[in-house]
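So you can see what is in the structure, the chains are spelled out below.
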Amino acid sequence: MVTTALELPDYRIVRNLGLVRGITVRSRSIVGNFLGGLQSLFGGNITIYTELCEQARDETYRDMLQHARQLGANAIIAVRYDATDVMAGLTEVLCYGTAVVVEPHGL
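K.L.:
Summarise the overall build of the protein chain; cite the residues concerned and give the values.
P.N.:
A count of helical and extended segments in the protein chain gives two helices and three strands. Reading the secondary structure of the protein chain in the N-to-C direction produces β-α-α-β-β. Burial statistics for the protein chain: of 107 residues in total, 26% are counted as buried.

Laid out in C-alpha cells, this is it:
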C-alpha cells in the first residue's frame, strides 16, 4: 500500500522503518530534443518529454518500493516526488516516502 497521506484508513502503523527513496538522473537525447523542438512549434503536449518524465517517475517509484521491501515494510506513507536540474539537459527525479509496517485496526 502506498499513499501520499500520512495514514491509511482502517490501518494503524505498528512500526516506522524510516525514509525510503528511488532516484534517477535522466538526460534528453539529441534526437529527443530535436523531436521535442518540432512538437513545440505546434503547441500542446510535448509527448516525447511527457514520456521521458513518466519513465523517470515510474523508475524512481519502483526503486522506492524495492527499498521499502528490503526494510520489511508493507506500506509507504507521505509519498512525494521531486525533480531538480543537475545541469543543462540533466534532471534528477526523486520519489520518497516513509516505510512503515501497518496492520488492520482491531488486531
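K.L.:
Give me the lowdown on the nonpolar core, citing residues and values where you can.
P.N.:
Formed by V20, M64, L65, A68, A73, I76, V79, C95 and A99, the largest nonpolar core amounts to nine residues. When contributions to this core are tallied by element, the ones reaching two or more residues are α2 (47-71), β2 (75-87) and β3 (90-104). A total of three residues in this core trace back to one element, the largest contributor, which is α2. Excluding residues that lie within four positions of it along the chain, V20 makes contacts with M64, H67, A68, L71, I76, C95, Y96, G97 and A99. Of all hydrophobic cores here, the second largest spans five residues; its members include L8, A75, V100 and V102.

K.L.:
Before we move on, can you summarise the layout of surface pockets with the specific residues and values?
P.N.:
Space inside the largest pocket adds up to approximately 210 Å³. Put simply, the parts of the chain that give the lining of the largest pocket at least two residues each are β1 (11-27), α2, β2 and β3. Of the residues contributing to the lining of the largest pocket, the split by class is seven nonpolar, three polar and four charged.

K.L.:
Can you break down the pattern of salt bridges residue by residue, with the values?
P.N.:
Applying the stated criterion across every chain, the model contains two salt bridges. Where E103 meets R12, a salt bridge forms, and the shortest distance between an N and an O atom there is 2.5 Å. One end of the pair, E103, is in strand β3; the other, R12, is in strand β1, with 91 residues separating them in the sequence. The shortest N-O distance in the salt bridge between D58 and R62 comes to 3.0 Å. Within this pair, D58 and its partner R62 are both found in helix α2, separated by four residues, close to a single helical turn. You can call D58 partly exposed: its relative accessible area is 39%. The exposure class of R62 is partly exposed, given its relative accessible area of 46%.

K.L.:
With reference to specific residues and values, describe the side chain of T3.
P.N.:
When you line up the elements, T3 lands in the segment before β1. From its side chain, T3 meets the backbone nitrogen of A5 in a polar contact 3.0 Å long. When near neighbours in sequence (up to four residues on either side) are disregarded, T3 contacts L8, I76, I77, A78 and V79.

Thresholds, definitions, all that
Residues numbered from 1 in each chain as written. Predicted model: local features only at pLDDT ≥ 70, side-chain atom pairs only at ≥ 80, totals over all residues. Heavy atoms only, no water. Helix = DSSP H or I, 4+ residues; strand = E, 2+ residues; numbered from the N terminus. Buried < 20%, exposed > 50% of the residue type's maximum accessible area, 1.4 Å probe, protein only. Core = buried A, V, L, I, M, F, W, Y, C linked by side-chain atoms within 4.5 Å. Contact = heavy atoms within 4.5 Å. 1 Å grid on protein atoms, 1.4 Å probe; cavity = no way out; pocket = protein on both sides within 12 Å on 5 of 7 lines; lining within 4 Å. Points joined across faces, edges and corners; volume = space filled by probe spheres on them. Nonpolar A, V, L, I, M, F, W, Y, C, P; charged D, E, K, R; others polar. Salt bridge = Lys/Arg side-chain N within 4 Å of Asp/Glu carboxyl O. Polar contact = N/O pair within 3.5 Å; in protein donor to acceptor, adjacent residues only side chain to side chain.

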